[in-house]
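Okay, here's what each chain looks like letter by letter:
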Amino acid sequence: ALGLCLFAGVGGVQAASFTWTNTTGAAFNDPNAWSPVGGPGTVTDTSSFTISGTIDCPISTKVDVISNAGTLFFGAGSGSGTLILTLDLGTNTLAGLSGNGTSVSGFVFGQQGTSIVYIAGGSLLCTNSTGNARMIVGRNGPAMVNLTNGFVAAGNLVIANGTSANGSKVVVSGANSFWSNSTTI
């Protein structure tokens, strides 16, 4: 009976959904900025950073890499709202692994409303085991992703993935900025 009880407690990793709740800005990896508390942490997780306003969201210097983040959606809090988000990566890495089984997208910028995202320093990796992980810039609303003095690696960059996302673009600037894409754009 004991063996059966122990076996019954063993299971696969369950996908979880997280929502960013901090309206004033906090470190991306602050567990208290997410609902439920904890934030993304497994490749099967789906996280929504859909809030209107201007948010500065650094990656804490307490970690070098935040990986296994699953799929991350960024957008305004409503279809008529605007999100202006600065992801201060510093020397850190944020990886969206797009392995949650419901989406092959690691990062979606422009989930709704208008999204303007500034990626400063560090590395943003959009990867999966097949090498075709999508990074979408403009899905249900227009998005502009600005990279300054950092590195982005995407398996498959998709710009303006819907008619409501017209005007979406990527801007790469700074002597130390690099963008890598594994497939055609």
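Everything numeric in this text was worked out from a predicted model, so none of it was measured.

Criteria and thresholds
Residues numbered from 1 in each chain as written. Predicted model: local features only at pLDDT ≥ 70, side-chain atom pairs only at ≥ 80, totals over all residues. Heavy atoms only, no water. Helix = DSSP H or I, 4+ residues; strand = E, 2+ residues; numbered from the N terminus. Buried < 20%, exposed > 50% of the residue type's maximum accessible area, 1.4 Å probe, protein only. Pairing = 2+ DSSP bridges. Polar contact = N/O pair within 3.5 Å; in protein donor to acceptor, adjacent residues only side chain to side chain. Contact = heavy atoms within 4.5 Å. Phe/Tyr/Trp six-rings, centres within 6.5 Å; stacked < 30°, edge-to-face > 60°.

Draft legend 1. Spotlight on unusual backbone geometry. Residues serine 35 and proline 36 are joined by a peptide bond in cis, for which omega reads -5 degrees. Secondary-structure assignment places proline 36 in the loop between β2 (34–35) and β3 (46–50). With a phi angle near 50 degrees, asparagine 149 is a residue other than glycine that sits in the positive phi range. With respect to the secondary-structure elements, asparagine 149 resides in the loop between β11 (143–148) and β12 (151–154). Note on asparagine 149: relative accessible area 38%, which makes it partly exposed. Within the chain, alanine 160 stands out as a residue other than glycine whose phi angle is a positive 60 degrees. For alanine 160, the position within the fold is in the loop between β13 (156–159) and β14 (169–173).

Draft legend 2. Expanded view of the pairing of β3. As judged from the 3 bridges shared by strand β1 (residues 17–20) and β3, these two strands associate in the parallel manner. Its bridge partner lying in β3, phenylalanine 18 is registered against serine 47. Here β3 pairs with strand β6 (residues 71–75) via 5 bridges, running parallel. Of the residues in β6, the one forming a bridge with serine 48 is phenylalanine 73.

Draft legend 3. Examining the side chain of serine 115 more closely. Position of serine 115 among the secondary structure elements: in strand β9 (residues 114–126). Within the local environment of serine 115, its side chain forms a polar contact with the backbone nitrogen of glycine 110, the two atoms lying 3.5 Å apart. In this structure serine 115 touches Phe74, Gly75, Ala76, Leu83, Gly110, Pro142, Ala143 and Met144, once residues within four positions along its chain are discounted.

Draft legend 4. Region of the structure containing the packing of aromatic side chains. Inspection of every chain in the model, using the stated rule, returns 8 aromatic pairs. Ring centres of phenylalanine 28 and tryptophan 34 lie 5.3 Å apart, and the angle between their planes is 80 degrees; this geometry places the pair in the edge-to-face category. Of the two residues, phenylalanine 28 and tryptophan 34, neither departs from the other in class, the shared state being buried. Considering the side-chain rings of phenylalanine 107 and phenylalanine 109, the 6.0 Å spacing of their centres and the 0 degrees angle between planes classify their relative orientation as stacked. There is no split in this pair, since phenylalanine 107 and phenylalanine 109 are both buried. The rings of Trp20, Phe28, Trp34, Phe49, Phe74, Phe107 and Phe109 are connected pair by pair, giving a single aromatic cluster.

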